[in-house]
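A look at the structure
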Amino acid sequence: MTLPYLSDYRVLVVPGLHGSGPEHWQSRWEHLYPSFQRVVQDDWSQPDLTRWARRMSEVLSESDQPTLIVAHSFGCLTTMQAASHGRFDLAGALLVAPADPEKFGVDDILRDARLPCPSIVIGSSNDPWMASNRAAYWADVWGCGFLSAGALGHINAESNLGDWEQGLRQLQTLLDMVHPSCN
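This paragraph deals with the nonpolar core. For soluble globular proteins, nonpolar side chains are generally found buried alongside one another. Ranked by internal contacts, the top residues of the largest apolar core, which has 35 residues, are Ile 69, Leu 77, Leu 95, Leu 110, Leu 115 and Trp 142. Residue assignment for this core shows that the elements contributing at least two residues are strand S1 (10-14), helix H2 (49-61), strand S3 (67-72), helix H3 (74-83), strand S4 (90-96) and helix H5 (132-142). With sequence-adjacent residues up to four places away left out, Leu 110 is seen in contact with Leu 49, Leu 77, Met 80, Gln 81, Pro 101, Trp 138 and Trp 142. With 27 residues, the next largest nonpolar core counts Leu 94, Val 96, Ile 122 and Ala 149 among its residues.

Once rolled over the atoms, a probe with the size of a water molecule shows which space is left empty. Per the counting criterion, the structure on display carries one cavity of 30 Å³ or more. Quantified by volume, the largest cavity comes out at close to 30 Å³. Taken together, Gln 41, Asp 42, Asp 43, Arg 51, Trp 52 and Arg 55 make up the lining of the largest cavity. Broken down by class, the residue content of the lining of the largest cavity amounts to one nonpolar, one polar and four charged.

So, about the pattern of salt bridges. Pairs can form between side chains of opposite charge whenever their charged atoms are close. Applying the stated rule across the entire model yields eight salt bridges. Among the salt bridges present, the one from Arg 134 reaches Asp 100, with a minimum N-O distance of 3.2 Å. With a gap of 34 residues between them, Arg 134 in helix H5 and Asp 100 in the loop between S4 and helix H4 (107-110) connect regions that are remote in the sequence. The salt bridge involving Arg 134 is made with Glu 102; its shortest N-O contact spans 3.0 Å. Placement of Arg 134 in helix H5 and of Glu 102 in the loop between S4 and H4 is noted, with a sequence separation of 32 residues between them.

How each quantity is defined
- As a convention, each chain's residues are numbered from 1 in the sequence order in which they are written.
- The predicted nature of this model means local features are confined to residues of pLDDT at least 70 and side-chain atom pairs, given and counted, to a pLDDT of 80 or more, with totals for whole chains, interfaces and linings taken over all residues.
- The basis for every side-chain value is the complete set of heavy atoms in the structure, and neither hydrogens nor water enter the calculation.
- Nine residue types can take part in a nonpolar core, namely buried Ala, Val, Leu, Ile, Met, Phe, Trp, Tyr and Cys, and a core is a set of them joined through side-chain atoms within 4.5 Å.
- Classification of residues uses two cut-offs on accessible area relative to the type maximum, computed with a 1.4 Å probe and protein chains only: under 20% is buried, over 50% is exposed, and between them is partly exposed.
- What counts as a helix is a DSSP run of H or I of at least four residues, what counts as a strand is a run of E of at least two, and both are numbered from the N terminus.
- Contacts were defined at the residue level, with two residues in contact if any of their heavy atoms lie within 4.5 Å.
- Using a 1 Å grid laid over the protein atoms alone, points where a 1.4 Å probe fits but cannot get out form a cavity; open sets with protein on both sides within 12 Å along at least 5 of 7 lines form a pocket; any residue with an atom within 4 Å of a point counts as lining.
- Grid points are joined across faces, edges and corners, and a volume is the space filled by probe spheres set on the points.
- Ten residues, namely Ala, Val, Leu, Ile, Met, Phe, Trp, Tyr, Cys and Pro, are considered nonpolar, four, namely Asp, Glu, Lys and Arg, are considered charged, and the remaining ones, Gly among them, are considered polar.
- Any carboxyl oxygen of Asp or Glu that lies within 4 Å of a side-chain nitrogen of Lys or Arg is treated as forming a salt bridge with it.

Structure follows, in structure tokens:
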């Protein structure tokens with residue numbers, strides 16, 4: 001899928017726990033779009049919001065190009081923490097299958113988090129990490145749009161999504177929202 005205007009932005013891929021393996025749609029998108037840059041954590045098995053957000057802030061600070069975020073699971077929580085506490089040129093964020101902040105004991109920290117850009121939360125009706133109604137609730141708390149993608153589990157490699165065309169269409173929707181000449 002060709003995404004018009006994508007080259008006008010830096011795209012950061014923000015995985016969740018254990019990173020995203022080769023069959024995860026995030027990794028497949030990185031293969032399709034080699035300019036995408038992954039935020040790499042020191043320890044993928046320890047979900048430490050403060051440490052992960054600090055690392056993401058470091059990566060965000062490396063460029064002044066407008067940035068699109070493509071986050072998954074705990075990476076969504078990382079995005080909310082880093083972006084709401086820094087001054088970065090964020091153009092938009094696609095937050096897919098966010099982990100429930102309550103499961104990680106960070107709900108109080110993230111309750112006041114906001115993104116300074118258009119954003120879309122995508123949830124799944126059978127996600128074991130956060131029920132769709134909870135994802136919709138957090139999208140509202142964070143001031144994001146919400147889309148239920150149906151029964152896709154955790155929207156990860158186990159969901160067998162391949163390149164996840166529905167997600168790419170939502171990335172295009174986000175581009176349409178942030179790029180002035182798309183409209």
